[in-house]
Structure formats: C-alpha cells, structure tokens
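# Geometric and topological summary
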Amino acid sequence: MKQKKRFIAGAVCPACSALDTLKLFLENNVEKVECVDCGYTKSQTESGVQEASKNADNVIGVFKPE
Ligand SMILES: [Zn+2]
C-alpha cells in the first residue's frame, strides 16, 4: 500500500459535521476526501480542500489579541 492518506486539519465533514475526520488520498490521480466517521466521500477535483485549510487559518486569525 503506497497510498498516502492524511487527515485534513481543521476540515469539517459536510455530512456529519465532525471535525478532523476527513482524510485526503489519491485515487487514479484524483484527490478524494473520505470521512472516517460516517463514510462520506467526495472527489476533490477543485480546490475544496485548500479552501477548508484557508478557512481554518482564518478562524485561527480571528483569535489573535487586539
Ligand atoms: Zn462524516
């Protein structure tokens, strides 16, 4: 098994709303996302995963002290 699977920090499953249960892996050169909690899967042919990462960064940014 050479498949690399990694979890997406800060990503929320759109199906069950669980946090940090989405893992990213390559299948036929297509990035796919799978939720290990509810089994939700989605092909990431666009930038959905990166968007999720950006959102996580933004959330962290909100909490910086004034
Ligand atoms: Zn889920």
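The structure reproduced in this document is the subject of the present report. (Residues numbered from 1 in each chain as written. Predicted model: local features only at pLDDT ≥ 70, side-chain atom pairs only at ≥ 80, totals over all residues. Heavy atoms only, no water.)

Strand order in the open sheet made by the four strands is E1-E2-E3-E4, with antiparallel pairing throughout. Taken across any chain shown, the strands that pair with only one partner, and hence form the sheet edges, are strand E1 (5-7) and strand E4 (41-43). Here the average twist between neighbouring strands, direction ignored, is 25°. Pairing geometry for strand E2 (residues 22-27) and strand E3 (residues 30-35), over six bridges, is antiparallel. Paired with Leu24 across the strands is Val33, a residue of E3. (Pairing = 2+ DSSP bridges. Helix = DSSP H or I, 4+ residues; strand = E, 2+ residues; numbered from the N terminus. Axes fitted to C-alpha atoms, helices over the stretch in contact; angles between N-to-C directions.)

Residue position: Glu31 is located in strand E3. Measuring from C-alpha to C-alpha, the distance between Glu31 and Lys42 comes to 8.7 Å, with eleven residues separating the pair along the chain.

What follows concerns the coordination of the zinc ion. Here the zinc ion is held by Cys13 (SG), Cys16 (SG), Cys35 (SG) and Cys38 (SG), and the distances to it run 2.3 Å. Relative to the metal, the four donor atoms surrounding the zinc ion lie at angles of 105 to 115°, and the coordination shape comes out tetrahedral. Each donor residue of the zinc ion belongs to the same chain, and together they define the spacing C-x2-C-x18-C-x2-C. One end of the pair, Cys16, is in the loop between E1 and E2; the other, Cys38, is in the loop between E3 and E4, with 22 residues separating them in the sequence. Exposure remark for Cys16: the relative accessible area of 31% places this residue in the partly exposed category. (Donors = N, O, S within 2.8 Å, 3.2 Å for Na, K, Ca; no water. Tetrahedral: all angles 85-135°; square planar, octahedral: opposite > 155°, others 65-115°. Buried < 20%, exposed > 50% of the residue type's maximum accessible area, 1.4 Å probe, protein only.)

From the end of E2 to the start of E3, which pair antiparallel, there are two residues, and Asn28 there has a positive phi angle of about 55°. Sheet topology places E3 next to E4; three bridges connect them, and they run antiparallel. Residue pairing across strands places Glu34 opposite Thr41, the latter belonging to E4. Counting the residues between successive antiparallel strands, the hairpin from E3 to E4 contains five residues, one of them, Gly39, with a positive phi of roughly 85°.

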